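# Architecture at a glance
Here's the letter readout for the chains.
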Amino acid sequence: MKLKTKLTVGIGFLFIVILVFGILGIVSINRLSIDADKILKNNYETLVYDNNMLRALDELPENKKAFADFEANLTKQEKNITEFGEEEATKSLRTNFEELKQKPKDSSNYRELRQSIQIINNLNQNAILHKNETAQKTASSAIFWLTIIFSVLTIISFTLTINFPDVISTPVKTLSRGIREIANKNYSNRIHMEQDDEFKELADSINTMAEKLHEYEHSNLAKIKFEKSRIETIINQMKDGIMGFDERKNILFLNAVSEKMLGLKEKEIIGQYAPDIALKNDLMRRLLQNDDHHELKIYADNKESYFNKDIIKVSNDEQVIGEVIVLRNITPFHELNEAKTNFIATVSHELKTPISAIKMSLQLLQSSSTGELNEEQQQLIEGIKDDSNRLLKITGELLNMSQVETGNIQLSIQPCRPYDILQYALDAVKVQADQKQVTIKINAIAGLPNVKADKEKTAWVLINFLTNALRYTPENGEIQIEILKESNKVLFAVKDYGIGIDTKYKDKIFERYFQVPGNGKTGTGLGLSISKEFIEAQGGSIHVDSEIGVGSRFYFTLMV
Ligand code: ADP
């Protein structure tokens, strides 16, 4: 039965109960009222008329007004004849009264009048008694039926009161239980309803929804599984090592390359806390270190291999939920770089001898022993000399560079006098300075302590500073050299008033092959980077202060 029908039946039943009770009550009360009215109207009023007539009789014949009273009550009685036999008695009463009016002194009429009144009285009293009994019966029957109906309706209402709420609450409970299951992702759960009503329709709709969710989840799961295996295949095919961690540093996955590098199998360490693995595994320890060294040297593939470490943070809604470490194998680049360095070292080394030979030959040509040269020839020789000097400088720088790159800087550190280093550098740049008529002012305090340095390499750096300064100093210009003592260090500075360097290039100029754009590409861009390596290898530090259009001050410090 439909819920709507049940509710209609329930409420309809209550309506009928009220209706039946109301009608029954009204009918019963009405019947009782009619009975009472009948008694009052039919019989009680007659008794009143009789009494009045008796009283009038008592006053006759002396009181003339009593005739009129009697007449009036008799007329009323004649109009109120309700009982069997009452009519005859009333007629006899009328006849006797008419006779009495004729012969007021005749006492026999009085007696008959009284008898007739008595008969009417008795008839009505009996009728009252009878009607009272009837009324009582009506009341008893009404009470009886009302009690029966009341009892039956009470039992039905009670049963309804007990059972009716269940009609709604039981299916609602079943529905909410089912919905809760679906909310807990138990999509295979179904709601079963016994009755065939609106609740069943609702349950069927919810079941359909659960079915659709079930299908959706399974199709999504299949998709996710497919994507997962696709990504796993890609990761495993990669030549780079890849490892994934959750936000608590538990290992989530690693590919075959990582397994090989770590010397651990994925299934042995998956889900484990990475720092625990790092206790026994050097590579894992280095991977977890948050240092700036991105390059790792590892023994892999039966040789020394180089890997670049990249840490990629994985985030969701701006919240970091883990990280992926990618170890890119850069060994081939290292090998190529090494080959290049070796090539440069060999070439520059091989070039040095013929260039030196050329320089020697030029000196011989300039000497008088080989004959006099005319001015044009002299100029040509000077040009060749400049070019061979530049070539020698470049090959020297390339050779130094290859030494730096291979980590083969040969240092012979010993206590050196700062003045000796200065003199060595000044001698080297003297000709150049003279050619440009540049004045080199020296500001060095007396009694400077010895520094721990490789004299030649330090002088090379100072020469590089001076050569650069000379390049950017106009003819007849000035360069200043400062040598100061700073606590346990000695500072060497070369200051020029040339074009200066833009602040954004201040660090870049110490990188290999870098030349400030627009400053003229006369050199190799190696001098300052070699200088940095030389000074830092001796435990010192190198810096520059510069301002565009004002000049530059290059300086380094060395330990005393
Ligand atoms: P190179 O001089 O051979 O180009 P360096 O490493 O010695 O290489 O210098 C790198 C660059 O720094 C130069 O190319 C030049 O642009 C800039 N630089 C070096 N010294 C000075 C200086 N004193 N004034 C202005 N620019 C300079």
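A short tour of the structure in this document, coming up.

In the vicinity of the ligand there are 19 residues, among which Asn 468, Arg 471, Asp 496, Gln 515 and Leu 528 approach most closely. Take Gln 515: an N or O atom from its side chain is 2.9 Å from an oxygen atom of the ligand. Between Leu 528 and the ligand, the recorded distance is 2.7 Å, taken from a backbone N or O atom to an oxygen atom. Within the complex, 100% of the 520 Å² of free accessible area of the ligand lies under protein. Under a 2 Å grid-point criterion requiring more than half of the atoms, the pocket assigned to the ligand is the largest cavity. Elements that contribute at least two residues to the shell around the ligand include exactly α13 (455-471), α14 (527-537) and β12 (551-559). Among the residues forming the shell around the ligand, the class breakdown is eight nonpolar, nine polar and two charged.

Take the side chain of Thr 46 next. For Thr 46, the location among the structural elements is in helix α1 (residues 3-59). You can call Thr 46 buried: its relative accessible area is 0%. Aside from chain neighbours lying at most four places away, what touches Thr 46 is Gln 77, Asn 80, Glu 86, Ile 120 and Asn 124.

Right, let's talk about the packing of α13 against α14 for a bit. Packing of α13 against α14 brings their axes to within 9 Å, and their N-to-C directions diverge by 150°. Considered as vectors, α13 and α14 are oriented roughly antiparallel to each other. Like other packed secondary-structure pairs, α13 and α14 cross with a definite hand, here left-handed. Residue-level contacts link Lys 457, Trp 460, Val 461, Asn 464, Phe 465 and Asn 468 of α13 to Gly 527, Leu 528, Ile 530, Ser 531, Phe 534 and Ile 535 of α14. Considered class by class, the residues forming the contact of α13 with α14 number seven nonpolar, four polar and one charged.

With phi around 55°, Asp 317 is a residue other than glycine that occupies positive phi space. For Asp 317, the location among the structural elements is in the loop between β4 (303-316) and β5 (319-329). What makes Asp 317 exposed here is its relative accessible area of 73%. Located in the positive-phi region is Tyr 513, a residue other than glycine, with phi close to 65°. Position of Tyr 513 among the secondary structure elements: in the loop between β10 (489-496) and α14.

Within the structure shown, the criterion is met by nine aromatic pairs. Ring geometry for Phe 465 against Phe 556: centres 5.8 Å apart, planes inclined by 55°, an arrangement best described as tilted. Here Phe 465, found in helix α13, pairs with Phe 556, found in strand β12; they are 91 residues apart in sequence, far enough to count as distant. Each of the two residues, Phe 465 as well as Phe 556, counts as buried. The interplanar angle of 40° and the centroid separation of 5.7 Å between the aromatic rings of Tyr 505 and Phe 514 together place this pair among those described as tilted. The same class applies to Tyr 505 as to Phe 514, namely buried.

Moving on to the environment of Lys 41. Structurally, the position occupied by Lys 41 is in helix α1. Note on Lys 41: relative accessible area 47%, which makes it partly exposed. Separated by 39 residues in the primary sequence, Lys 41 and Asn 80 place their C-alpha atoms 8.2 Å from one another.

Turning next to empty space enclosed by the protein. Under the counting rule described, the total for this entry stands at one cavity of 30 Å³ or more. Of the volumes computed, that of the largest cavity is approximately 390 Å³. Among the elements of the structure, α11 (375-405), α13, α14 and β12 are those that each provide at least two residues to the lining of the largest cavity. The element best represented in the lining of the largest cavity is α13, accounting for five residues. A class-by-class count of the residues in the lining of the largest cavity yields 11 nonpolar, 12 polar and four charged.

With that settled, the discussion passes to the sheet that holds strand β7 (residues 439-444). With mixed pairing, the five strands of this open sheet are ordered in space as β7-β9-β10-β12-β11. Pairing within the sheet leaves two strands with one partner each, and these edge strands are β7 and β11 (541-547). Going from strand to strand, the sheet's axes swing by 15° on average, the running direction of each strand aside. Summarising the sheet, β10 and β12 pair through eight bridges and their orientation is antiparallel. Across the sheet, the residue bridging to Lys 495 is Arg 553, located in β12. Sheet strands in contact with α13 are β9 (478-486), β10, β11 and β12, and its direction is about 175° off that of β12.

Rules of the game
- In this numbering scheme, every chain counts its residues from 1 along its sequence in written order.
- In view of the model being predicted, local features appear only for residues whose pLDDT reaches at least 70, and side-chain atom pairs are presented and counted only at 80 or more, with totals across whole chains, interfaces and linings using the full set of residues.
- Only hydrogens and water are set aside when side-chain values are computed; all heavy atoms of the structure are taken into account.
- Being near a molecule or strand, for a residue, means having at least one of its heavy atoms within 4 Å of it.
- For this analysis, a polar contact is any N or O atom pair within 3.5 Å, provided that within protein one partner can donate a hydrogen and the other can accept it, and provided that sequence-adjacent residues contribute only side-chain to side-chain pairs.
- Accessibility throughout is a Shrake-Rupley quantity obtained with a 1.4 Å probe, and a residue counts as covered only by protein chains that appear here.
- Put plainly, a pocket is an open set of points on a 1 Å grid over the protein atoms alone with protein on both sides within 12 Å along at least five of seven lines, a cavity is a set where a 1.4 Å probe fits but cannot get out, and a lining residue has an atom within 4 Å of a point.
- Pocket occupancy is defined atom-wise: a molecule lies in a cavity or pocket when more than half of its atoms are within 2 Å of its grid points.
- Where helices and strands are cited, they refer to DSSP runs of H or I of at least four residues and of E of at least two residues respectively, numbered from the N terminus.
- Residue type decides the class: Asp, Glu, Lys and Arg count as charged, Ala, Val, Leu, Ile, Met, Phe, Trp, Tyr, Cys and Pro as nonpolar, and the leftover types, Gly among them, as polar.
- To sort residues, take the accessible area from a 1.4 Å probe on protein chains only and compare it with the maximum for the residue type: under 20% means buried, over 50% means exposed, and anything in between is partly exposed.
- For this analysis, residues touch if any pair of their heavy atoms sits within 4.5 Å.
- Note on geometry: axes are lines fitted to C-alpha atoms, helical ones only across the stretch in contact, with angles between N-to-C directions running from 0 to 180 degrees.
- Note on terminology: angles under 35 degrees are roughly parallel, angles over 145 are roughly antiparallel, angles of 65 to 115 are roughly perpendicular, and the others are oblique.
- In this scheme the handedness of a crossing depends on how the near helix is turned from the far one: anticlockwise by less than a right angle means left-handed, clockwise means right-handed.
- For this analysis, a ring pair means two rings from Phe, Tyr or Trp (six-membered ring only for Trp) whose centres lie within 6.5 Å, classed as stacked if their planes differ by under 30 degrees, edge-to-face if by over 60, and tilted for the remaining angles.
- Grid points are joined across faces, edges and corners, and a volume is the space filled by probe spheres set on the points.
- A pair of strands is considered paired only if DSSP assigns at least 2 bridges between the two.

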